[in-house]
Structure formats: C-alpha cells, structure tokens
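# Fold and contact review
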Amino acid sequence: MNMETPAVTRIQFNVRDLLVKYGFIAVTLILFLLFFTTQDTFRLSTTFFSMLKFTSVVAITGLGITLSMAVGGLDLSVGAVAGMSVTLSAMTMVIYNQTGIVAVGIVLLAGAVIGAVNAFLIVVLKIPDLLATLASMFTVMGLKLVPVNGQSVSSGMILRDGSTARGKFTDAFLKMDTGKVGPIPYPVILFFVLTLITWFFLTRTKWGRAMYAVGSNPEAARLAGVRVKRYRALAYILSGILASISGLILASRIGQGDISAGNSLLLDSVAVALVGTSVLGLGRPNAWGTALGAFLMGVVITGLTIAGFPYYGQDVVKGLVLLLALIFSFTLSRKKSRFVPAV
Amino acid sequence: MRGKNALTVIVGISALLLAACSQGGTTSSAADAGTTEAATATMPAPFDAGPVKIALVQNSGAGDYFQQWTNGANLQAKAIGFDMQTYDAQADNAKQATDMETAIGSGVKGIIVDHGNADTMCPGINKAVAAGIAVVVYDVDIRKCAPTAVFTSQSDESLASLVLAQAATDLGKDKTVGYVNVLGIAPLDRRHVIWEQVKKDNNWTEKFFVGKFTNSVATDNAQLADAALKKNPGVAGIFAPYDELAKGTISAIYQNNLQAKVKVYGIDISNADIEIMTKADSPWTATAGTDPNAIGAGVVRAMALQLAGQLNKTEVSFPGVLITAQFLKDNAIKNMTDLRAKLPELNLTKEVTADWIPTVAFN
C-alpha cells in the first residue's frame, strides 16, 4: 500500500500540470473541431476570415489591457477610447471634410493623450488604477458626445448651424476594414502584427521585463533600480493607443460616427486578456494568450451563431469558458497568479 | 481590504452597465404560434428542388418587438421551405457588418437585412447583389445607396392617415389641438408630414408642439405635456404618434383631470397599450398599428417572390390597421392575442403573396 501511493500521486500531478499547461489550448481546439465537423458554414474559409476580422477589434483592445495588467493595473477606459475614436474619425472626415490620414493621426494622438491622462491620474495624483480609469471612462464617454450633440455623425447630416455636412468617410479610410491581402483582411494582419510586437516587447526587451517586474512586485522593482512610475505611465499610454487603433477599425467597419460603438468592448477585452493568462500555464498576462483568448471567443460566438444558438446562450458559454480558464490559472496552477489589480 | 474594494468597483460597474441596458416598458408577449394556410399552386423554381438556403442578418433580435418580428419570419420561412440561418448582432453595428460578410460567404441564395445603419450595411448589400444574391431589407433606408436591393418598411403614412382620419371625424373642423412628437427620427418625421396635411385640411389650430426623445420617453414627455396642458387646457385633441409619447401625454391629462375633455390619438399597439386604452375613462381614443409577427412573415414572403422572379418592384410597404378604444371595449379585447382574433386584417395575409405561398397567420 505504502509503495503505491507516491506513484498514484505522481500521475495525478502530471494530469494536473498538463491541464494547467495545455487545457486551454485543448478547449479551443475541441470547440473549433466540434463546429468544424458539425456545421457546413463554419468550414468555409470566408467564415474563418470574417470570424478573425470580427475578433481583431477585441484582440487589439485586449492587448492594451494586457499591458496595463502587466504593470499590475487595469485600464477600464479602453472601450470608451475606442468609441471616442469612432466619433472623432467621423467628425474629422464628415464635419471638417479632412482626409482619412488626418483622421487616423488625430485618433491615434487622442488615444495617446487619454492614456497619458490616465497615467497622470495614477502615477502623479496617486489615484488607484481601477478608480482613475473608471473616472476617465465616464468622462470620455460623455465628452465625445458634446461636439456632436449626442448624435451619430453620418454623411449629409444637418449641422448645428443648419448647413449640411460636406464630407464623407473617404474610400481609403473605409478600405482599412474591407481591404485584403489575398484572402486575409487588413484588420487580421494588424491583429497579428500587433500581437507579435506586444509579445516581443514584453518578453524580449528589457522594458517589457521591467514591466512584469513592476507588476509582480513594485517595491522590489523599485529597489532593483527600475523606474516604476515611468513603466506604469508607458503601459497606459500604449493601452490608449491600442484602443484607438481598434476604434479606427470599428469606424471603418461601421462607416459612420455611431455613438454606441465600443460599448460592449470593455468587458469582452478584459475577458480575453484574463483568459489569456491561463495559456501554457503562464499565470500572467501575455500577448499570445490574449490573442488566443480572442480567437476562442470568436470561435464560440461564430460557431454558436451558425449553430442557431440565441444570443443569451452565447453569453452563458462565454462566461463558462472564462470560468474554466480561471480555474486553470487559479485553482489548478501551483504558480501564484498575480494579475488582479490593486485598488 | 484590497480585494474587497476591487470587488465593490466591479459590482458597481456591472450595476451601471445593467442600468444602461434596461429600458423600454412594453409587456413582452410569448411567441405566437401561427396557423398556415395551404398553398393552392405548385412551387416555382428554385423552391421545387428542396430547401432554399437564406440568411437573416439582424441588428437586434432582443426585445418585445424584434422577438415577435423574428417569430413571424421564422414561421413563414418554415412554411415556405427556407433553410434560414439567423445572425443576431445584438445591436452592435460593427458585428452586423461582419455578419453580413459571413452570410455572403456562406453560399445562401438570399439575405434578409433587418434594421441597422444604411452607411454600415450598404457596402455589404451591394456586394451581395453583385454576387447574385437576392437582398430584401427591412426598415433600413437603402434606396439611395443600394437601389437594386428590395426595400421594405411599415407604412408610417398609412398609420398616421388612418388615425388622423378618425380624429378628423371625432373632433370636426376648426378646433384647437396639441401635438407631442420628436422630429429627426425617420418614422416620426414621416408621420409628421401627414399631421401637417390633416391639420391644414381641417383648419385646426396647433396650440402646442412639445416632445423630446430620452431613455424614458413616457415619463419625460409627461412633464412637457403637463406644462403644455396647464397653459392650454382647452384643446380638443392631441396627436402623439408613438405609443410611449401617447403614454406620457395621457398621464399628463390625468394629472390635470382633463380626461373627459381631451382626446388622444396615438400610433402603435401592444398589450400595455391595450390596457391603457380600455380603461373606462381613458382619453386614448384611437391608435393605428401593425403586428410585428405579420411584418416579419411579410418580409420573408417578399424574399420568396424575389427569388422566384415574381416581385417585380424594389419597394414594399406594409399597411397599418386602425384600432379604436370603442372597438377594443365592444369586443372585450384584453391583449394582442384577442386583438388578432377580432381583427384578422392585422395578419396581412393578402399582402405580398402568391397562390403558391403557404401564408402564415397569427391568432
């Protein structure tokens, strides 16, 4: 009896480690294969690419969340920043009759500015991350509506002075969402490239490693000579820029200054970044994990839609998948996961 | 302490998001089972060779109205023998655009687009038409940007004309009237055009014109109507061409105890509306409405005709039906189910159909 016990324990340990390491990837694969074998429409390459395209917005915003989580915070303003980018793009082109390039420039700048304001609130005014970005979320959501009187901006709209808007969404701007290289849509390429850059930055540069150090133990990082404040500020500025990039894709996709755009983005992107922490048992926010999390969400939503599931059923499945990933990284993992923001 | 604070913040955000999502006050009715009237002719191509695949690309399938609309569409699709794939964007315009792409790529013969932004949906609609897919659009005005697709809508002109004709009969000429409406919203603008015409024809004097569109239309407009009525208690009738506006107007009338003097003419009908109209002293005299189930079914029939090459037009509008409070009371109508039974015109079974189409009715 005594001889057998260690052997049994070892096998259990192995299963547990395997689950922690590959459980999440296995869930993604199983769901993908399930839809692939049962749903004809799911097998089409056009479905695959429109799924990735739909996912890219959440994924890119999720990368921003990943950065803020890496420094031990959480950026709640990302959805609001993306929504603001949609309205700003529309204002620049439709009301002020500027080109698409100008709109892109203004939107990226605005994203960086909101990120910098968040950084100022957190680093200089010492407001806890969640509360600071919550405040800026509401402020940005309201602020974007002021110049447009709370209305969606569309070509040919009547302006406040009674004249008709002269501009429209330029073809080049609309191309950002509809353009393709071979069968691959531009947003999907952008999604891949930004994931690659974020991954490289976080794991292969000293700045990225410093960010993780700040996130896991700011005091130790400070004593080791890391400029904690600068890294936290940088994370929020990059998060703002990434959110404004996804806002640009949204604007290009919707083709008007839809004021409701970006509303659902915050919760989805927090979810994919959280799910991503469990990939390969890393137990920390990481770029490929976030990308895979977004991919899984895309598989779930597209697959269930094609299978004829109602929208509330999709939310139930989304919630359960998130729960499963959290069990992998909190309950089963022996590593101490630390990415829940401090207030 | 730290964990507790984070939790508080998250619970708080969730509550805020929930509050932002919940609005609207119409009573939900269960999905209505339809009855199908058998076709009297054999089906033309492409329906003679097994189920025809189509897609329904919806902006939102949630809520009382959309639920009934989708129910009607599903039942009619089943009766015709469509294999219909539904995409519900959950009111996310960007998702509706990618859903449209998925639908185009999925090899369907036809796509029905239900609500959405014209700017967002037009590129996809044109792409589908160019790929040889039949496209029928409901309530997205794509007549300018996608003129080759079929545009269907509920006829706001007919709704306003019906109810205002009743008002003209009840009130007579040369009266003072009030008006509660919000301009800048397409269907309300179309109803406004009819109001201006009827007002002129009957030589009515408009004593007040108030109204605003908010998250709680009925409550907020009750205040406005209340102020307007305090200043002009002598009006004979008020036109409020949307049921939430009518509800607000009616609560203002009760507040000022004018229910015996002022008649209200509204538009739209629901279980909640019927309850208000059938109260003994209700000022709501008449309304005009459509059955969302029947409209959904009608749009699917338009798709069937278009695929068979028999529609021969790019604009279809579904007429409304006049419903008076007297009619509701005389027939002891308590809800939409009773109403459909007593007013079969709501089923639109004679609109947009052919002898080979098994038409669905709801009662």
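Every value quoted in this text rests on a predicted model; they were computed, and no experiment measured them.

Residues and elements named next belong to chain B. Across the sheet, 6 strands lie side by side as β8-β7-β9-β10-β11-β13; this open sheet has mixed pairing. Each of the sheet's edge strands pairs with one partner strand only, and the pair in question is β8 (205-210) and β13 (321-324). Adjacent strand axes in the sheet meet at a mean angle of 20 degrees, parallel and antiparallel pairs treated alike. The pairing of strand β10 (residues 263-266) with strand β11 (residues 284-289) spans 2 bridges and is classified as parallel.

Another aspect to go through is the packing of helix α5 (residues 156-171) of chain B against helix α6 (residues 186-201) of chain B. Pairs of packed helices are described in terms of their axes, by the angle between the two and the distance that separates them. All names here are of chain B. Put simply, α5 and α6 touch, their axes get as near as 9 Å, and they point 35 degrees apart. With respect to the hand of their crossing, α5 and α6 are arranged in right-handed fashion. Between α5 and α6, the contacting residues are D156, E157, L159, A160, S161, L164 and A168 on the first element and P187, R190, R191, I194, W195 and V198 on the second.

The next thing to look at is the domain arrangement of chain B. Assigned domains within chain B: domain 1 (30-148 + 292-319 + 348-357) and domain 2 (156-289). One C-alpha centre belongs to domain 1 of chain B, the other to domain 2 of chain B; they are set 33 Å apart.

Okay, helix α11 (residues 228-254) of chain A next. Residue and element names in this part refer to chain A. Compared with an ideal rise of 1.5 Å per residue, which puts 27 residues at 39 Å, α11 spans 39 Å between its outermost C-alpha atoms and is within 8% of the ideal. Counting buried positions along α11 yields 23 of 27 residues, so the element is predominantly enclosed. With its phi angle positive at about 70 degrees, G255 sits one or two positions after the end of α11.

This part takes up unusual backbone geometry. Residues apart from glycine generally show negative phi values, whereas peptide bonds are mostly found in trans. Residue and element names in this part refer to chain B. In this chain, A45 is followed by P46 through a cis amide linkage whose omega measures 0 degrees. Structurally, the position occupied by P46 is in the loop between β1 (34-37) and β2 (52-58). With phi around 60 degrees, D139 is a residue other than glycine that occupies positive phi space. Among the residues examined, D139 registers 18 C-beta atoms within 10 Å and is labelled partly exposed. For A332, which is not a glycine, the phi torsion comes out positive at approximately 50 degrees.

So, on to the interface of chain B and chain A. Much of the literature gives interface size as the accessible area that the parts lose upon coming together. Taken residue by residue, the interface counts 26 residues in chain B and 30 residues in chain A. Mapped onto the side of chain B that touches chain A, the elements with two or more residues apiece are α1 (2-21), β3 (82-88), α3 (93-105) and α4 (118-130) of chain B. In terms of residue count, the dominant contributor to the side of chain B that touches chain A is α3(B) (8 residues). Grouping the amino acids of the side of chain B that touches chain A by side-chain chemistry returns 8 nonpolar, 12 polar and 6 charged.

Residues and elements named next belong to chain B. For strand β4 (residues 110-114), the buried fraction is high: 5 of the 5 residues fall into the buried class. Both faces of β4 are covered, namely the face carrying G110, I112 and D114 and the face carrying I111 and V113. Direction of pairing for β2 relative to β4: parallel, over a ladder of 5 bridges. Paired with A55 across the strands is I111, a residue of β4. Relative to strand β5 (residues 134-138), β4 is paired through 5 bridges, and the arrangement is parallel. Looking across to β5, one finds that I111 is bridged to V135.

Thresholds applied
Residues numbered from 1 in each chain as written. Chains lettered and ligands numbered in written order. Predicted model: local features only at pLDDT ≥ 70, side-chain atom pairs only at ≥ 80, totals over all residues. Pairing = 2+ DSSP bridges. Helix = DSSP H or I, 4+ residues; strand = E, 2+ residues; numbered from the N terminus. Axes fitted to C-alpha atoms, helices over the stretch in contact; angles between N-to-C directions. Left-handed = near helix turned anticlockwise from the far one by under 90°. Contact = placed C-beta atoms within 7 Å. Domains from an automatic or database assignment. Expected span 1.5 Å × (residues − 1). Buried ≥ 20, exposed ≤ 12 C-beta atoms within 10 Å, placed from the backbone. Nonpolar A, V, L, I, M, F, W, Y, C, P; charged D, E, K, R; others polar.

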